[in-house]
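# Survey of secondary and tertiary structure
Residues per chain, in single letters:
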Amino acid sequence: MTRIAIVEGDGIGREVIPVARRVLELLHPEYEYFDVDVGYGRWERTGCPCTDPDIAELKTADAILFGAVTTPPMKDYQSVVLRIRKALDLYANLRPVKNDRFDIMIVRENTEGLYSGIEELTPDRATTLRIVSRKGSERIARKAIDLARQRNGLLTIGHKANVIKSDVFFRDICLAEAKSAGVPCNDKFIDALSLDILQFPEKYSVVVTTNMFGDILSDVAAYLVGGLGLVPSANIGDRFALFEPVHGSAPDIAGKNIANPIAAVRSVSMLLDYLGDSPGAMAVETSVRHVLRQGICTRDMGGIAGTREFGDALVQVLR
Ligand code: NAD
């Protein structure tokens, strides 16, 4: 029996995930679904945002559908999503940004870099350790190379090797892996890449980069397809996988039924692909496009449909 963990999380996670779940349950009523409650809301209620038993429960799932969690900027609060990515060793964060004109897969290293969590705060200095390991770089490079090969596409390495030594290390490992795999590859400074990807998106196929650069680049690239409400992601490791929209909990619009559920629904499409149901994954993508062609969309895309109403239209098309 395929088991799916559902984590709504906080803010609009509690609105977009119910829509995504309806889609998934419609296509796969035979899966077993179970909820795991983690996040800031849980912390407010219980004083703990995520426990060891929560992590153990997540590990029992074949795939996790995740909304978003609020991470308040407090010194002692540890990000739940970072904890899960580390605990499940979800080292590859795949963030597709595509439309009819271009198809880019941003491959972000997901477990180290500036999000290593090794930090020190003193009254006079704050330090964050940016770890770039050989193992971490090799495995993310190989994942990106596999994807480039599947697409017959170019691999681009995003880095800042002109000023950061750990990026010289990262770039050289990626270049060596690409060379030995025989995959066409180039590299670009991350700042120049951020503009170039907006101006000439059709030049790119697979972009591999370190943790924080990938986080920022994918938000920047979301501009190309209409914003954060549209971009899904997969967090993949060797044993576990978690699927979530790229956006966060969006407290500014939470509770108003105006969040765009497409990123969450497309995350279901990535989840189905991962579980081997490619026709289901394709059906989800096609249905989203079909609903949009009917002129039904949420406010961020210039429409008037609410989150739930978009979900109703989508479910009708899928049926
Ligand atoms: P955000 O992605 O939540 O929101 C950024 C902007 O995009 C906001 O104006 C929001 O209204 C808009 N937006 C986001 N998703 C949308 C959607 N589906 N439909 C329409 N508009 C949408 O980023 P933020 O405001 O920087 O962060 C808010 C909280 O989310 C923070 O606590 C942050 O730590 C957290 N966060 C969590 C994750 C995660 O759980 N993976 C990721 C990013 C941010």
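Basis of the calculations
- Each chain has its residues counted from 1, following the order in which its sequence is written.
- Predicted model: local features are reported for residues with pLDDT of at least 70 only, side-chain atom pairs are reported and counted for 80 or more only, and whole-chain, interface and lining totals are derived from all residues.
- Calculation of side-chain values draws on the structure's entire complement of heavy atoms; hydrogens and water are dropped beforehand.
- In this analysis, the protein atoms alone were mapped onto a 1 Å grid. Cavities are point sets where a 1.4 Å probe fits without being able to get out; pockets are open sets with protein on both sides within 12 Å along at least five of seven lines; lining residues have an atom within 4 Å of a point.
- Grid points are joined across faces, edges and corners, and a volume is the space filled by probe spheres set on the points.
- Helical segments are the DSSP runs of H or I of at least four residues, strand segments are the runs of E of at least two, and each set is numbered from the N terminus.
- Amino acids outside the nonpolar list (Ala, Val, Leu, Ile, Met, Phe, Trp, Tyr, Cys, Pro) and the charged list (Asp, Glu, Lys, Arg) are all regarded as polar, and Gly is one of them.
- Nonpolar cores are built from buried Ala, Val, Leu, Ile, Met, Phe, Trp, Tyr and Cys residues. Side-chain atoms within 4.5 Å join them into one set.
- Exposure is judged per residue with a 1.4 Å probe applied to protein chains only, and the accessible area is read against the type maximum: over 50% gives exposed, under 20% gives buried, and values in between give partly exposed.
- By definition, residues are in contact when any of their heavy atoms lie within 4.5 Å.
- Any helix carries an expected span of 1.5 Å times its number of residues minus one.
- The convention used is that axes are lines fitted to C-alpha atoms, helices contributing only their stretch in contact, and that angles between N-to-C directions extend from 0 to 180 degrees.
- Here the word oblique covers every angle except those under 35 degrees (roughly parallel), over 145 (roughly antiparallel) and from 65 to 115 (roughly perpendicular).
- Handedness of a crossing is defined here by the sense of rotation of the near helix relative to the far one, left-handed for an anticlockwise turn of less than a right angle and right-handed for a clockwise turn.
- We call Phe, Tyr and Trp rings a pair once their centres come within 6.5 Å, taking the six-membered ring for Trp, and we label the pair stacked below 30 degrees between planes, edge-to-face above 60, and tilted otherwise.
- Two conditions define a charge sitting above a ring: the NZ of Lys or the CZ of Arg must be within 6 Å of the ring centre, and it must be within 35 degrees of the ring normal.

With that out of the way, let us pick up the layout of surface pockets. By volume, the largest pocket is sized at about 960 Å³. Forming the boundary of the largest pocket are 31 residues, of which Pro 96, Lys 98, Ser 269, Met 270 and Glu 285 lie nearest the centre. Put simply, the parts of the chain that give the lining of the largest pocket at least two residues each are strand 4 (92-98), strand 5 (103-109), helix 5 (134-151), strand 11 (232-236), helix 9 (262-274) and helix 10 (278-293). The element best represented in the lining of the largest pocket is helix 10, accounting for six residues. Classifying every residue of the lining of the largest pocket by side-chain character gives 17 nonpolar, four polar and ten charged. Size it by volume and the second largest pocket reaches roughly 560 Å³. Every residue lining the second largest pocket is counted, 22 residues in all, and those nearest its centre are Tyr 77, Ser 79, Leu 82, Gly 117 and Glu 119. Only helix 4 (80-87), strand 6 (119-121) and strand 7 (126-128) provide two or more residues apiece to the lining of the second largest pocket. Considered class by class, the residues forming the lining of the second largest pocket number ten nonpolar, seven polar and five charged.

Time to look at the nonpolar core. Leu 24, Leu 94, Val 107, Leu 155 and Val 208 are the most contacted members of the largest nonpolar core, which has 54 residues in total. Considering every element that reaches this core, the biggest residue donor is helix 9, with seven residues. When sequence neighbours within four positions are dropped, the list of residues in contact with Val 208 reads Val 107, Ile 140, Ala 144, Leu 155, Thr 156, Ile 157, Gly 158, Phe 170 and Cys 174. Val 7, Ile 55, Val 69 and Val 81 belong to the second largest nonpolar core, which has 20 residues in total.

Along an α-helix, residues three or four positions apart point the same way, because every turn accommodates 3.6 residues. Along its twelve residues, helix 11 (residues 307-318) runs 17 Å from first to last C-alpha, staying within 8% of the 16 Å computed at 1.5 Å per residue. Buried within helix 11 we find Thr 307, Phe 310, Gly 311, Ala 313, Leu 314, Val 315 and Leu 318. Looking at the packing, one finds that the buried side of helix 11 touches helix 1 (13-27), helix 9 and helix 10.

Trans is the common state for peptide bonds, and a negative phi is the common state for residues other than glycine. One non-glycine residue, Asp 89, lies in the positive phi region at around 50°. Checked against the element boundaries, Asp 89 lands in the loop between helix 4 and strand 4.

To continue, consider the environment of Gly 248. Among the secondary structure elements, Gly 248 is positioned in the loop between strand 12 (241-245) and helix 9. Residues Gly 248 and Gly 67 lie 181 residues apart in sequence; the distance between their C-alpha atoms is 8.0 Å.

Any two packed helices are characterised by how steeply their axes cross, that is the angle between the axes, and by the distance between the axes. Their axes nearest at 9 Å, the elements helix 10 and helix 11 cross at an angle of 120°. Comparing the axis directions of helix 10 and helix 11 gives the class oblique. Like other packed secondary-structure pairs, helix 10 and helix 11 cross with a definite hand, here right-handed. Across the interface between the two elements, Ala 283, Ser 287, Val 288, His 290, Val 291 and Leu 292 of helix 10 pack against Phe 310, Ala 313, Leu 314, Val 317 and Leu 318 of helix 11. In terms of residue class, the contact of helix 10 with helix 11 is built from nine nonpolar, two polar and no charged.

All right, on to helix 1 then. Taking 1.5 Å of rise per residue, 15 residues should cover 21 Å, and helix 1 covers 21 Å from first to last C-alpha, within 8% of that figure. For helix 1, the set of buried residues is Gly 13, Glu 15, Val 16, Ile 17, Val 19, Ala 20, Arg 21, Val 23 and Leu 24. Buried residues in helix 1 make contact with strand 1 (3-9), strand 2 (32-35), strand 3 (63-68), helix 9, helix 10 and helix 11.

Below, the discussion takes up the packing of aromatic side chains. In total, this model carries five aromatic pairs according to the counting rule given. Considering the side-chain rings of Tyr 31 and Tyr 33, the 6.3 Å spacing of their centres and the 45° angle between planes classify their relative orientation as tilted. The exposure class of Tyr 33 is buried, given its relative accessible area of 16%. Measuring from ring centre to ring centre gives 5.5 Å for Tyr 40 and Trp 43, while their planes differ by 10°; the resulting arrangement is stacked. Taken as a pair, Tyr 40 and Trp 43 lie in helix 2 (residues 40-46) at a separation of three residues, close to a single helical turn. Among the residues examined, Trp 43 registers a relative accessible area of 28% and is labelled partly exposed. Here a set of aromatic residues connected by ring pairs shows up, and it is made of Tyr 40, Trp 43 and Tyr 77. Stacked on the ring of Phe 213, the Lys or Arg Arg 130 has its end atom at 5.3 Å from the ring centre.

That is the geometry; function is a separate question.
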